[in-house]
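# Per-entry structural report
These are the residues of each chain, in order.
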Amino acid sequence: MSDDILNNPKYHVFAVWDQYEWVLKVMVTPCNNPSKTARRNRTVMPNECEVNNYEQIVREMAKECIKELENG
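Presented here is a report on the structure given in the accompanying data block. (Residues numbered from 1 in each chain as written. Predicted model: local features only at pLDDT ≥ 70, side-chain atom pairs only at ≥ 80, totals over all residues. Heavy atoms only, no water.)

## Some words on the sheet that holds strand β1 (residues 11-18)
- Overall, antiparallel pairing links the three strands, which are arranged β1-β2-β3 in an open sheet. Each edge of the open sheet is held by one strand with a lone partner, namely β1 and β3 (38-43). Across the sheet, the mean angle from the axis of one strand to that of its neighbour is 15°, orientation sign disregarded.
- Summarising the sheet, β1 and strand β2 (residues 23-30) pair through eight bridges and their orientation is antiparallel. By the bridge assignment, V16 is partnered in β2 with K25. (Pairing = 2+ DSSP bridges. Helix = DSSP H or I, 4+ residues; strand = E, 2+ residues; numbered from the N terminus. Axes fitted to C-alpha atoms, helices over the stretch in contact; angles between N-to-C directions.)

## Regarding the pattern of salt bridges
- Tallied over the entire structure, the rule returns five salt bridges.
- The salt bridge involving E64 is made with R40; its shortest N-O contact spans 3.2 Å. Taken together, the positions of E64 in helix α1 (residues 51-71) and R40 in strand β3 put the pair 24 residues apart, joining distant regions of the chain.
- For the salt bridge of E60 with R42, the shortest nitrogen-to-oxygen distance reads 3.9 Å. Separated by 18 residues along the polypeptide, E60 in helix α1 and R42 in strand β3 bring together distant segments of the chain.
- Assessed through its relative accessible area of 38%, E60 is described here as partly exposed.
- In this structure R42 comes out as partly exposed when scored by relative accessible area, which is 31%. (Salt bridge = Lys/Arg side-chain N within 4 Å of Asp/Glu carboxyl O. Buried < 20%, exposed > 50% of the residue type's maximum accessible area, 1.4 Å probe, protein only.)

See the structure below:
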């Protein structure tokens, strides 16, 4: 697995912050099998969504999704 999870050539990582519901939504799909996906939602306050914090939260959620995809 690549160290840069957001630019891993094996997976597409999609992230959206719904500012009306204060929810960060992350979805990961394997490039070789787009029918499989893993998703995570997390309530995130605006002060947590500064650029570096936002990316760190997305990375953590993406790692959880990839682990789910790889384990089953």
